[in-house]
Amino acid sequence: MCAALVAAGVVLAGAVPGVPVTPAHADDGDGLWYVNLPGVQQAHAAGITGKGIKIADIDTPINLDAPFFKSVSNIVVPHRSYCQDVTTRKWVPSTSTDPNKATHATGMVGLLKGNGQGAITGQAPVGLVPDATVYVYPVGLLDGLSQCVRTSGDPVANALRSAISQKVDVIVMPMGGFANTDVVSTVLDAERAGIPVFISRNNDDFSISKEDPVGVSGTGYISSIPGAEKDLKDTGDLTYLPGLVTVQAVGYDGALQPSSAVIDRGVDIVSPGVGVTRPNPQPVYDEVTDFFFLLRVTSCGRGCNSSAAVIAAGYYALAKQKWPQATSNQLLQGIARTAPANATKHELIRDPQGYFGWGFISVKNMLATNPARFPDVNPALPSDVTSQ
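The structure reproduced in this document is the subject of the present report. (Residues numbered from 1 in each chain as written. Predicted model: local features only at pLDDT ≥ 70, side-chain atom pairs only at ≥ 80, totals over all residues. Heavy atoms only, no water.)

Some points on the pairing of strand E4 (residues 133-138)
Then comes step 1: Among the 6 residues of E4, 6 are classified as buried, and the element is accordingly described as predominantly covered.
Then comes step 2: Alternating residues of E4 divide into Thr133, Tyr135 and Tyr137 and Val134, Val136 and Pro138, and every residue in both groups is buried.
Then comes step 3: As defined by bridge partners, strand E1 (residues 54-59) adjoins E4 across 6 bridges and the pair is classed as parallel. In the strand pairing of E4, Ala56 is matched with Tyr135.
Then comes step 4: Sheet analysis places strand E2 (residues 75-76) next to E4, joined by 2 bridges and oriented parallel. Bridge assignment links Val76 to a residue of E4, and that residue is Tyr135. (Buried < 20%, exposed > 50% of the residue type's maximum accessible area, 1.4 Å probe, protein only. Helix = DSSP H or I, 4+ residues; strand = E, 2+ residues; numbered from the N terminus. Pairing = 2+ DSSP bridges.)

As for the environment of Ala15
Then comes step 1: Position of Ala15 relative to the elements: it lies in the segment before helix H1 (23-26).
Then comes step 2: In this structure the C-alpha to C-alpha distance between Ala15 and Gly254, which are 239 residues apart in sequence, comes to 4.6 Å.
Then comes step 3: Residue contacts for Ala15: discarding those within four places in its chain leaves Asp253, Gly254 and Phe356. (Contact = heavy atoms within 4.5 Å.)

A few points about the sheet that holds E4
Then comes step 1: Judged by pairing direction, the sheet is parallel, and its 7 strands sit side by side in the order E2-E4-E1-E6-E7-E8-E9 without closing on themselves. The two strands at the open ends of the sheet, each matched to only one other strand, are E2 and strand E9 (269-272).

Quick notes on helix H7 (residues 305-322)
Then comes step 1: Along its 18 residues, H7 runs 26 Å from first to last C-alpha, staying within 8% of the 26 Å computed at 1.5 Å per residue.
Then comes step 2: Across the 18 residues that make up H7, a large majority, 17, are buried. (Expected span 1.5 Å × (residues − 1).)

A look at the nonpolar core
Most often, soluble globular proteins have nonpolar side chains that are buried together.
Then comes step 1: In this structure, Tyr34, Ile55, Phe198 and Tyr315 are the most contacted members of the largest nonpolar core, which totals 68 residues.
Then comes step 2: If we skip the residues at most four places from it in the chain, Ile55 touches Leu112, Val129, Ala132, Thr133, Val134, Tyr135, Val170, Val172 and Ala317.
Then comes step 3: Counting residues in each nonpolar core, the second largest holds 26 residues, with Ala157, Val168, Leu241 and Leu244 among its members. (Core = buried A, V, L, I, M, F, W, Y, C linked by side-chain atoms within 4.5 Å.)

As structure tokens, then:
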């Protein structure tokens, strides 16, 4: 493998090809373009709603009292989180009405299960997979994992082990993660169990390569996979671990999230994220609704990759229900080979400029193409590596 890093570009990428702008929904500012894309509503009408699919969200605590979860079932949280507070040494609760603790997971799960109701301002999220079961595994707070002690093992690795034991169909890590040996080993366990892992790209503008991933600290190196867990040092950013599906956010205009629109050959797919509704991180208490979140449509310059990863996992879940005979690797092949840039010949080609990975994730194409025809190989792995 080449030892050179991929340089972070300063020239913004052009529009991602194949983003199907829908005039009826693109400019109305309701933040629901991710669920109004061609294919989603048709899938729901045909009964493809995530029924029977289990999704794990490795995230913060969640507020189940959010109005867009009213009468919503099949959101499962553990008795306690996987984060032991570094100051009090007490376990952080899995649920919370404190927006400083629960805003992130609340918004992310809303994209999967929300009923679209209850926003004070703006539009509440509408779930892509209203009949799926979502398991929320809280591993930290909004400022990351620095507030959690690790005396009982790494919180993320422990949560991943629980998700594997639960036999979920897909794992999403919208807060990213650090690639210590325990986490990497557990991610590989998930992949060996046939559970794909979607992860959000960092919202900053640095970039490296999955062909030779070196962490942001510069101290780590992955020499090969499988077996990386045996010789892996701390690599910093988990998103560059081969085999994970790293997701970058795009808007309905085809533009990447500005803060991370750089050359990055570690990105695998781009997915709706910019301009998608989410809870406001600066909430205001409303006495009428007794709820702490104001909702707005985010037009963020950064922070949208979390939503993009969750939405991509939701699209995967729809395809998983539609094509139950396909393996997880074949479903991932379907994502890659039906992206608009590849869909004509179902090729496995990445953006040669290094911005878009395989391109825009197309629900319509995924649901129209049986992925069982594709190789049973994880396309997010380098071509000279296979999984065990």
